[in-house]
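# Understanding the architecture of this molecule
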Amino acid sequence: MLASNLHPSPITPTVDFDADGVQHGFLRLPFSRDDSAWGSVMIPIAVIKNGTGPTALLTGGNHGDEYEGPLALYELARTLQPDRVTGTVIIAPAMNYPAFRAASRTSPIDKGNLNRLFPGRPDGTVTEKIADYFQRYLLPRADIVLDYHSGGRTLDFLPFCAAHILPDKTQEARAFQAVEAFAAPYSVRMLEIDAIGMYDTAAEEMGKVFVTTELGGGGTARAETVRIARRGAMNLLIHAGIVAGEPDIKPTRWLDMPSDDCFAFAEEDGMIETMVDLGEPVGKGEVVARVHPIGRTGLAPREIRARMSGLLAARHFPGLVKAGDCVSVLAVEGEPVEP
Ligand code: CA
């Protein structure tokens, strides 16, 4: 399993991934520092296993300011009984635990954005060590991987479950079937701005069925998006044959992100006025947002126009933007994938 040219991970799990039953423990990552000379970062992890069967790896807190995933997964870890399980459910509700504790996207220890540091390094920074452990020790165990995201403090999304267009069309179809099973209000064939170093890419390159979400944002969670997150996890485990029962299927609208014309970015600092709300239609060439100069009165706002027609799938959340901030993401309605 391990590449021979790499050191073993410094992380020690306090759980046995091959033992039946429920275990609540930690990935213990040694981190020597001023306030704890021989101290560790203790990343919560739960394993619920019953006999042989598929393995699901469920993660939240990859970015530390996104809450639907952790809210769903701490509860699932607390409540899922092994007698309902055939196989294994591994739950890491706060993957980048230092970032999660700091309520920030990246780690306060090394500024690491976990979702840009895969495959990680066993001899790297704290965040790189976390990535390496998932890359070499946890992902290889998994048949199906669900990584929850939301918009964090700076973006807000329509609630959707998503998978990527992949070169292996069999793998892609299995991922889209899993997205359909999650049954979020929206299901997205997702395009990334920058897929290098992502956990998603690491899982997909191993041939795993990988699904992700964007379930809201603004650095908080809403009652409805948490319900979607909880229902989706259970639906996915039922879909994977790991939990028995009937899925709670709700209608979903499929969306496509056909090109990077989906994305718009601010070109100067200012106060943003998003001209349509999430889920509303925008025509190509229409003004999707205005950036108002704030240093003095009398200046016209800069208009940001849609480069394609679609509906607003994500928007910048705080009231002020900086040059380079993503201000809007558009998506187009597409036909459901044939199962
Ligand atoms: Ca995220």
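Notes on the structure follow. Residue positions within a chain follow its written sequence, with the count starting from 1. Owing to the predicted nature of the model, reporting of local features is limited to residues with pLDDT of at least 70; listing and counting of side-chain atom pairs is limited to 80 or more, with chain, interface and lining totals taken over all residues. Calculation of side-chain values draws on the structure's entire complement of heavy atoms; hydrogens and water are dropped beforehand.

### Here we look at the side chain of Asn62
Put simply, DSSP H or I for four residues or longer makes a helix, DSSP E for two residues or longer makes a strand, and each gets a number counted from the N terminus. Relative to the elements of secondary structure, Asn62 occurs in the loop between β4 (55-59) and α1 (68-79). At 3.0 Å, the side chain of Asn62 and the side chain of Asp147 are in polar contact. Two residues form a contact once any of their heavy atoms are found within 4.5 Å. Residues within four places of Asn62 in sequence aside, it is in contact with Met95, Asn96, Arg105, Leu114, Asn115, Asp147, His149 and Tyr199. In protein, a polar contact means a hydrogen-donor-capable atom and an acceptor-capable atom, both N or O and within 3.5 Å, with residues adjacent in sequence counting only if both atoms are side-chain atoms; elsewhere, any N or O pair within 3.5 Å suffices.

### Remarks on the pairing of strand β5 (residues 87-92)
Between buried and exposed lies partly exposed: a residue is buried under 20% and exposed over 50% of the maximum accessible area for its type, with that area taken using a 1.4 Å probe on protein chains only. With six of six residues buried, β5 is to be regarded as a mostly interior element. Taking every second residue as pointing to the same face, both faces of β5 are buried, with Gly87, Val89 and Ile91 on one and Thr88, Ile90 and Ala92 on the other. Here strand β3 (residues 40-50) runs beside β5; their pairing, made up of five bridges, is antiparallel. By the bridge assignment for β5, Ala46 is matched with Ile91. Here β4 runs beside β5; their pairing, made up of five bridges, is parallel. Of the residues in β5, the one forming a bridge with Leu57 is Ile90. The pairing criterion for strands is at least two bridges between them, as found by DSSP.

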